[in-house]
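As a plain string of letters, each chain reads:
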Amino acid sequence: MGLLSLELLFGLASILLAGVVAVVAWKNWGKEACPQLFSTCMMVIIWDFCTWMESLPVFSGTEKLLWRCAMQVGVLYVVPAFFSYTLHYIGMYRKGAGRVLAGIYAVQTAVLLLILTNPLHHLIWGNVQDWAGGKFGLLVVPVTGLGMVGILFNFAVHMVSLVLLMQFALRSRGNMRRQAWCVFCGGAFFVGYALIHSVLFPSVSALPPIPYMFSFSALIGCFGMWRYHFISLVPNAYQEIFEVIDEGVIIALGDGDVISINRAMRDMFALHGNDTIQNDREGRKRAQRLIEERYPNWRGDGSGHHQFGVHLEQGGRSYYYHCRVYPFFNMAHRMIGSIAVIRDVTAEHEQTQILQEQAEKDGLTGVYNRQTFTRLAEQQLRQGERPWSVLYFDLDYFKQINDTYGHMFGDQVLCETCTCVAAVVGQETLFCRAGGEEFMVFLRGYTAERARLLAEAVRREVEGHVFALDGAAVPVTISVGVVTARTPAFDDYYRHADQMLYRAKSEGRNCVRAWSEDDGAGHGEEG
């Protein structure tokens, strides 16, 4: 088999291997960097195929020239395609990088136009009559100075891509590091051979054509796909983690443009915004509008990470979220973007409320315990809205009720008494079980007379309530001590209220006895 036949088979193998990588990238189109890998492979296939056609002995002269011109589409556009793939693979694609990429495409398009119009000006290639047939059936093309500048530009962009891949591989760990080295080695082999062929030894026409060496790069890629899950783990392992974590994540550029939202965040938008949002361009714009309408300063001032809480109502239920926003900076310490992590803390908040209620409330009656009542009363006393009153009462002969009817009925009496009191004083009034069968009520802004009348209303409500046991009514009454004063010391209220309660009990029970700081006198009313 001749040299040309071997070269043609080698070229065909290169096309097929590039096709395999392209098909795998196509099947995984939704994964990060796969569309860019597919574009890179397609440009190589165009380059490969046109080279293979040019080398066929059935073509000569002008026909070979036509295939050489068509080949330039792959030669030129594989440069930005591979650069784009690199940026997406290592997670560095940003708006600024997109502008650089657009500039590279513009340069390559301009060069392609110069090549297609070369017979008019010969700025890229020499005169056609100076061309000579080389080995492998390919034309040997004399390149002008401007053409060499274009070639060096291509290699400069490729070298940038390889440096970025190397840095990423060195920073990575474990399987991701090995995978990144596979990507680097595949690109480095191809670019290195092209550098030797085109720049260092352009006169060595015995070297096989550049695109045929892509077969080795493709083999490295296939090895990476098989051994290190090259496609399924594209940093983008990070992409998988991004989608499966329970926290909502929003990634935004420095100017506030949202560039990515994960599944958990999309679910939150669907729950509270009644809007199905996808992680596409339009979906991200809608998400950005929804966020900025409610939280215009959600990203902070960019000086450092900050956090805030969010409370939302949906379907009669409260939802609580904790948001942490982390800015990230470039090497010049300029903020180039931010990552917001939104965690649903509703369950934790509800559990905290339960624990707080258990700590603050009496387990049997559901009203405040004495410690919480005292703390909240002292807070109100410091607010300066005078006068204040305290009602201090207990159930008459409660021990006898427990001994006669049992402690279970005694618990029932305590609970029903609290219901009676709350019906008179209101749910928002401070009310506690001070211990055993003793209770306290704190009143803000009540005069002595109003406080006494309210205490009497409470006494009558309890006296008139039917405490039923096995269908029979058990009489229950209370004795109430009332104090009204302007002092900010809660202990003073407690001491005087206790004295008035003792007086009410000693004077026959089922009555109200009151003391006012204004006249220093006690007043009472019996039931």
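This text follows the structure it describes.
Basis of the calculations
- Residues numbered from 1 in each chain as written.
- Predicted model: local features only at pLDDT ≥ 70, side-chain atom pairs only at ≥ 80, totals over all residues.
- Heavy atoms only, no water.
- Helix = DSSP H or I, 4+ residues; strand = E, 2+ residues; numbered from the N terminus.
- Buried < 20%, exposed > 50% of the residue type's maximum accessible area, 1.4 Å probe, protein only.
- Contact = heavy atoms within 4.5 Å.
- Areas by Shrake-Rupley, 256 points an atom, 1.4 Å probe, with all protein chains shown as cover.
- Phe/Tyr/Trp six-rings, centres within 6.5 Å; stacked < 30°, edge-to-face > 60°.
- Lys NZ or Arg CZ within 6 Å of the ring centre and 35° of its normal.
- Core = buried A, V, L, I, M, F, W, Y, C linked by side-chain atoms within 4.5 Å.

Trainee: How would you summarise the overall build of the protein chain if you had to cite specific residues and measurements?
Mentor: Along the protein chain, the regular secondary structure elements total 17 helices and 16 strands. Split into buried and exposed, the 527 residues of the protein chain put 45% on the buried side. Restricting to contacts in the protein chain with at least 6 residues of sequence separation, those with at least 24 account for 61%. Accessible surface computed for the protein chain: about 26,300 Å², of which carbon and sulfur atoms make up 59%.

Trainee: Describe in detail the packing of aromatic side chains, supporting the description with residues and values.
Mentor: Within this structure, the stated rule accounts for 15 aromatic pairs. A centroid spacing of 5.7 Å and a plane angle of 40° characterise the contact between Tyr 392 and Tyr 494, whose relative ring orientation is tilted. Here Tyr 494 lies in helix α17 (residues 490-506) and Tyr 392 lies in strand β9 (residues 388-395), a separation of 102 residues in the sequence. Here Tyr 392 falls in the buried class, since its relative accessible area comes to 1%. Exposure remark for Tyr 494: the relative accessible area of 25% places this residue in the partly exposed category. A connected cluster of aromatic rings, assembled from ring pairs, spans Phe 82, Tyr 85, Tyr 89 and Phe 168. The ring of Tyr 368 has Lys 361 lying over it, and the distance from NZ or CZ to the ring centre is 5.2 Å. Looking at Arg 450, its charged tip hangs above the ring of Tyr 446, at a distance of 4.0 Å from the centre.

Trainee: An account of the nonpolar core is needed here, citing residue identities and associated values.
Mentor: Ranked by internal contacts, the top residues of the largest apolar core, which has 60 residues, are Trp 47, Phe 83, Tyr 85, Tyr 89 and Leu 165. The element that contributes the greatest number of residues to this core is helix α3 (residues 62-89), accounting for 13 residues. When sequence neighbours within four positions are dropped, the list of residues in contact with Phe 83 reads Val 100, Leu 101, Ile 104, Val 157, Val 160, Ser 161 and Leu 164.

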